There are 2 protein chains.
Amino acid sequence: MTRKIRLGAFLPGGGQHIASWRHPDQPADGATSLEFHKQLARTAERGLFDAYFLADNLSIGFGGAREGGSARVAGFEPVTLFAALSGFTTNLGFIATASTTYEEPYNTARKFASLDLISGGRAGWNVVTTTGDPTAQNFNLETQLPHAARYRRAAEHVEVVRKLWESFEDDAFIRDKESGVFYDPEKLHESEHRGEHFQVRGPLNVPRSPQGHPVIVQAGQSDDGRGLAAATAEVIFTAHQHIETAQEFYRDIKARARGLGRNPDHILVMPGVAPFVGRTKAEAEEKYDRLTSYILEADGVGLLNGLTGGTLDLRGYDLDGPLPPAPPTEGMKSRQALIRQIADENNFSIRQLYQWVATARGHFTVVGTAETIADTLQEWFENEAADGFNILPPWLPTALDDFVDLVIPELQRRGLFRTEYEGRTLRENLGLPFPVNRWAGARAAVQAAE
Amino acid sequence: MTRKIRLGAFLPGGGQHIASWRHPDQPADGATSLEFHKQLARTAERGLFDAYFLADNLSIGFGGAREGGSARVAGFEPVTLFAALSGFTTNLGFIATASTTYEEPYNTARKFASLDLISGGRAGWNVVTTTGDPTAQNFNLETQLPHAARYRRAAEHVEVVRKLWESFEDDAFIRDKESGVFYDPEKLHESEHRGEHFQVRGPLNVPRSPQGHPVIVQAGQSDDGRGLAAATAEVIFTAHQHIETAQEFYRDIKARARGLGRNPDHILVMPGVAPFVGRTKAEAEEKYDRLTSYILEADGVGLLNGLTGGTLDLRGYDLDGPLPPAPPTEGMKSRQALIRQIADENNFSIRQLYQWVATARGHFTVVGTAETIADTLQEWFENEAADGFNILPPWLPTALDDFVDLVIPELQRRGLFRTEYEGRTLRENLGLPFPVNRWAGARAAVQAAE
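Residues numbered from 1 in each chain as written. Chains lettered and ligands numbered in written order. Predicted model: local features only at pLDDT ≥ 70, side-chain atom pairs only at ≥ 80, totals over all residues. Heavy atoms only, no water.

A. Broad picture of the overall build of chain A. The helix and strand inventory of chain A stands at 15 helices and 13 strands. For chain A, whose C-alpha radius of gyration is 22 Å, the value lies close to the compact-globule estimate of 22 Å for 450 residues. Along the first, second and third principal axes, the C-alpha atoms of chain A reach 75 × 55 × 40 Å. Looking at chain A as a whole, 63% of its 450 residues are labelled buried. (Helix = DSSP H or I, 4+ residues; strand = E, 2+ residues; numbered from the N terminus. Rg over C-alpha atoms; globule rule 2.2 N^0.38 Å. Buried < 20%, exposed > 50% of the residue type's maximum accessible area, 1.4 Å probe, protein only.)

Structure representation (structure tokens):
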């Protein structure tokens, strides 16, 4: 089978760009409108996207929400939202972000297993650690955990969740009315996890889904983050401004996975891309400028502060002057470095910098025609920079419609993208293997040896 | 407006009665079938029920699930399930159980606020403390918390959740595209909670729903439980075998609420009732006997053990002999006392006891015609024993269909039950007041004084 581009779509109802809710096309109440999210899900499915992707926060502070100009200040919790949306779609996957820092693994395992069952095997879990003191203060702490401690906890959290997802073997349920045997107790397993952060006996009270268990997604960029991703992720969401850094990341992740005995084809690297699509380059640029014009200064400054872990308070600085140095942070180390890199490379003023990151928060922004955008995606896809992309339409629904109506057909013409879904589960569509339950695997190995 | 009976429906897809999955009418895979749960929700809405109600557990041990004969061993997590079901219904409320013992209040507040938004104001939270060592062992503990400690934590958990639900005032969102003002920061509030168990700064990142916030439901029977319910509950689910104990409970709760300055009409007492409906009494009894015949001994014994907090291991006892004494428990104190009371009053053997509690786990079981069942409900409703009932159809879907097709019309003929929904939100249908946001209330009070 020819290798195809995988596509996720980031579709927050409040819009990706910080000021997108001011765009005439975008419903002002999109962030809290179930109807609008349904419309987005249906469009993504029409475009044959692999998955609808949502970020998540456990506080309102992230990305300049405190200033009164952000539509991202409040909205749905992603897992409950996706449970609702799954009923109005058939093939589209749903990848929800959830924190390893402020949830218990039993609860995490359970809500994603439940979403996976509800959707018929279309769930994914984007594993994150949660940064920022404002969030810590919603969970009985004064300050956030140090970076390394967060990642140790995250690694163990994922380990526990995976064990819990193997509580029932796939054929544990007999459901024989005549004998009264509902399930085979031999095929129900306790996890008996005892680790540094968690002691979890199990079993989980949710069975496996048609895809075995949810697809595991990660977005870590730091050394800790890459290590965790290479060990456990099946899809990696990543942020790059240039093909060169994307290639370095891609090759590093695949090498790390290989080093851990994993098949590198079973870990898909998907950089984020924010597309402004025009019938001409000028039209695309006009769309970019229009969205930029909606940003209020206070929100732009708040966004930069939020994206750099709350350590870069720019109030009082000349917005047309350079970005001042910032103190080190325990939160979002890589994102902070990326923002700094963008400022330095482009010689951006503070204003130019927030205008640029307002679109996609450090992800790759492409402005052009369907052809030139497809050229870029193809170049990345064919040169070890990407297995696919997470598309971040800067405003909604029009920028998503543009991508579906203009770019997707161009990718299909080039044979780079599917023309129909390959399967019903997210895993089938992504071309990822069905995860063998380790208990069933162990039994099969014993039987083979006998 | 004449006072009307309120009705909730407990509809676990695996069936209420421990062996109901063996009934020919019940789909053997009902516990994990979204389609079956959709069908149940639609029938409940056709019957004009106020709400679909689901219990919850954070382990598989509860109620005899370990023996291999229970369909309740695994299923959906209720909040995600209800998010999905809300899309296929219009007026039906959804009351999900969630634990105050093993979740963080920020996460609890958020998932219920999200369900409330998704459903357009039809969510309720059944507040419980979680008992049992097997569950504690899924959350980093060896043994469960003592009864009193669980209730102290529960009271504070509810307090924090209610504060978080007031983060945004109802009119906080301006969404003015022209000025770029999305919300009024003056109408966003931190909770600043600092208590014995929780320190939660807030605000919550979900706005209020059309019903203000989810309806708060409780089921405590012990003195601690009654105190918590009188202070915070809007609906109380309770288990009684006789009108006399139901009246004692009803009057006690209303008196406690009055003593706390609450309007006793704003706290609805709804005992559980498991109905076997026949066109004749003999037909109803035949239905009861048939379901009883499906219980396997091991599951019956496991059920009694589970219902008494895991302290009553009956393996090895003569099943046709009396119930032995049990050690005191820190879990489900009231349920253990109720089970004992049923055994003593009826002079039940172990076998007879599990056969009786298999239907409704200690709730009131009525076996008769639509007329005699309506007589009983009317008697309780008109004599300070109940404001409504939580109906627990012993098997599904037929026992629910029977209730909707036979008992509901009889209640309607008597003028005791609605003939159409009064409103769109759960709160409107239950006749409960819209909760005034305390920040808006405080502002209004200041303005009135000026």
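B. Representation of the nonpolar core within the structure. Judged by nonpolar contacts, the single largest core of 148 residues is most densely connected at F49 and Y52 of chain A together with F49, Y52 and F389 of chain B. With sequence-adjacent residues up to four places away left out, Y52 of chain A is seen in contact with A9, L11, H37, L40, A41, F82, L85, L92, G93, F94 and I95 of chain A. (Core = buried A, V, L, I, M, F, W, Y, C linked by side-chain atoms within 4.5 Å. Contact = heavy atoms within 4.5 Å.)

C. Looking closely at the pairing of strand β13 (residues 388-391) of chain A. All names here are of chain A. Neither face of β13 is exposed, since G388 and N390 on one face and F389 and I391 on the opposite face are all buried. As judged from the four bridges shared by strand β1 (residues 6-10) and β13, these two strands associate in the parallel manner. When the sheet's bridge partners are listed, G8 is paired in β13 with N390. Across two bridges, the pairing between strand β11 (residues 268-277) and β13 is parallel. Looking at the pairing, G272 lines up with N390 of β13. (Pairing = 2+ DSSP bridges.)

D. Spotlight on the relation of the copies chain B and chain A. Its rotation angle being 180°, the transformation that places chain B on chain A also includes 0.0 Å of axial translation and leaves an RMSD of 0.0 Å. A rotation of that kind, with that shift, is consistent with a two-fold axis. Of the C-alpha atoms belonging to chain B, the one lying closest to the rotation axis is found on A84 of chain B, 2.0 Å away. Most of the interface of chain B is mirrored in chain A, where 100% of its interface residues again form contacts. (Least-squares fit on C-alpha atoms with pLDDT ≥ 70 in both.)

E. Summary view of the side chain of E45 of chain A. All names here are of chain A. With respect to the secondary-structure elements, E45 resides in helix α1 (residues 34-46). For the buried E45, no salt bridge is present, and the opposite-charge side chain at shortest range is R122, 4.5 Å distant. At 2.6 Å, the side chain of E45 and the backbone nitrogen of N91 are in polar contact. Non-local contacts of E45, meaning those with residues more than four positions away in its chain, are made with T89, T90, N91, L92, R122 and Y421. (Lys, Arg positive; Asp, Glu negative; His and termini not counted. Salt bridge = Lys/Arg side-chain N within 4 Å of Asp/Glu carboxyl O. Polar contact = N/O pair within 3.5 Å; in protein donor to acceptor, adjacent residues only side chain to side chain.)

F. Expanded view of the interface of chain B and chain A. Taken together, the contact between chain B and chain A spans 77 residues of the former and 77 residues of the latter. Here chain B packs against chain A, burying approximately 6200 Å² in sum over the two surfaces, 55% of which is carbon and sulfur. It is N140, K177 and F182 of chain B in chain B that bury the most area against chain A; as a group they hold 11% of the surface buried on that side. Our count for the chain B to chain A interface comes out at four salt bridges. Of the charged contacts in the structure, one is a salt bridge between R194 of chain A and E142 of chain B, with a shortest N-O distance of 2.9 Å. (Buried area = accessible area lost by both parts, 1.4 Å probe.)

G. View of empty space enclosed by the protein. All names here are of chain A. Taken as a whole and assessed by the stated rule, the structure comprises 10 cavities of 30 Å³ or more. Taken together, 26 residues line the largest cavity, and the ones lying closest to its centre are P12, A55, R72, G75 and F76. Of the residues that constitute the lining of the largest cavity, the class distribution is 13 nonpolar, nine polar and four charged. (1 Å grid on protein atoms, 1.4 Å probe; cavity = no way out; pocket = protein on both sides within 12 Å on 5 of 7 lines; lining within 4 Å. Points joined across faces, edges and corners; volume = space filled by probe spheres on them. Nonpolar A, V, L, I, M, F, W, Y, C, P; charged D, E, K, R; others polar.)

H. Representation of the UniProt feature "binding site: FMN" (unreviewed entry) in chain A in the model. Residues and elements named next belong to chain A. UniProt records the feature "binding site: FMN" (unreviewed entry) for D56, T97, H147, Y151 and S222 in the present numbering. Checked against the lining of the largest cavity, the annotated residues reduce to D56. With respect to the helices, strands and loops of the structure, Y151 is situated in helix α5 (residues 147-164). Note on Y151: relative accessible area 15%, which makes it buried. The contact partners of Y151, leaving out residues within four places of it in the chain, are T129, G220, S222, D224, G225 and L228. (UniProt positions renumbered as here; feature names shortened; annotations may be inferred.)

I. Molecular detail of the packing of aromatic side chains. Scanning the entire structure with this criterion turns up 43 aromatic pairs over all chains. Relative to F139 of chain A, the ring of Y102 of chain A has its centre 4.7 Å away and its plane inclined at 15°; by these criteria the two rings are stacked. Of the two residues, Y102 of chain A sits in the loop between β3 (93-99) and α3 (105-118) while F139 of chain A sits in the loop between α4 (133-136) and α5, which places them 37 residues apart along the sequence. In terms of burial, Y102 of chain A and F139 of chain A fall into one category: buried. Following the ring pairs from residue to residue traces out a cluster consisting of W21 of chain A together with F168, F173, F182 and Y183 of chain B. Sitting over the ring of F381 of chain B, R3 of chain B keeps its end group 3.9 Å from the ring centre. (Phe/Tyr/Trp six-rings, centres within 6.5 Å; stacked < 30°, edge-to-face > 60°. Lys NZ or Arg CZ within 6 Å of the ring centre and 35° of its normal.)

J. Structural detail: unusual backbone geometry. Note the cis peptide between G202 of chain A and P203 of chain A, where omega equals -5°. Residue position: P203 of chain A is located in the loop between β8 (199-200) and β9 (215-218). With an omega of 0°, the peptide bond running from L396 of chain B to P397 of chain B counts as cis. Following the sequence through the fold, P397 of chain B ends up in the loop between β13 (388-391) and α13 (398-413). A positive phi angle is found at N140 of chain A, which is not glycine, with a value near 70°. Among the secondary structure elements, N140 of chain A is positioned in the loop between α4 and α5. Backbone geometry places R175 of chain A, a non-glycine residue, at a positive phi of 55°. Here R175 of chain A lies in strand β5 (residues 173-176).

K. Up close: helix α8 (residues 281-292) of chain B. Taking 1.5 Å per residue as the helical rise, α8 of chain B with its 12 residues ought to reach 16 Å, and the 17 Å between its terminal C-alpha atoms agrees with that figure. Where α8 of chain B is buried, its residues meet β11 (268-278), α11 (350-360), β12 (364-369) and α13 of chain B. (Expected span 1.5 Å × (residues − 1).)

L. The arrangement of the packing of helix α5 (residues 147-164) of chain B against helix α6 (residues 223-232) of chain B in detail. Residues and elements named next belong to chain B. Contact geometry for α5 and α6: axes closest at 10 Å, N-to-C directions at 10°. Judged on the interaxial angle alone, α6 and α5 are roughly parallel. Residue-level contacts link H147, A148, Y151, A154, A155, V158 and R162 of α5 to D224, G225, L228 and T232 of α6. When the residues that make up the contact of α5 with α6 are grouped by side-chain class, the tally is six nonpolar, three polar and two charged. (Axes fitted to C-alpha atoms, helices over the stretch in contact; angles between N-to-C directions. Parallel < 35°, antiparallel > 145°, perpendicular 65-115°, else oblique.)

M. Expanded view of the pattern of salt bridges. Applying the stated criterion across every chain, the model contains 64 salt bridges over all chains. When the shortest N-O distance is used, the salt bridge between K111 of chain A and E77 of chain A registers 3.7 Å. Of this pair, K111 of chain A sits in helix α3 while E77 of chain A sits in the loop between β2 (51-54) and α2 (78-86); the two residues are 34 residues apart in sequence, bridging distant segments of the chain. Each member of the pair, K111 of chain A as well as E77 of chain A, carries the same accessibility label: buried. For the salt bridge of E169 of chain B with R443 of chain B, the shortest nitrogen-to-oxygen distance reads 2.6 Å. With E169 of chain B in the loop between α5 and β5 (173-176) and R443 of chain B in helix α15 (residues 438-449), this pair connects stretches of sequence that are 274 residues apart. In the salt-bridge network here, residues are joined through shared partners; they are D223, R226, E248, D252 and R256 of chain A.

N. Inspection of the packing of helix α1 (residues 34-46) of chain B against helix α2 (residues 78-86) of chain B at higher detail. Residue and element names in this part refer to chain B. Put simply, α1 and α2 touch, their axes get as near as 10 Å, and they point 65° apart. In the crossing of α1 with α2, the sense of the turn from one axis to the other is right-handed. Contact residues: L34, H37, K38 and A41 in α1; L81, A84 and L85 in α2. Taken together, the residues of the contact of α1 with α2 sort by class into five nonpolar, one polar and one charged. (Left-handed = near helix turned anticlockwise from the far one by under 90°.)

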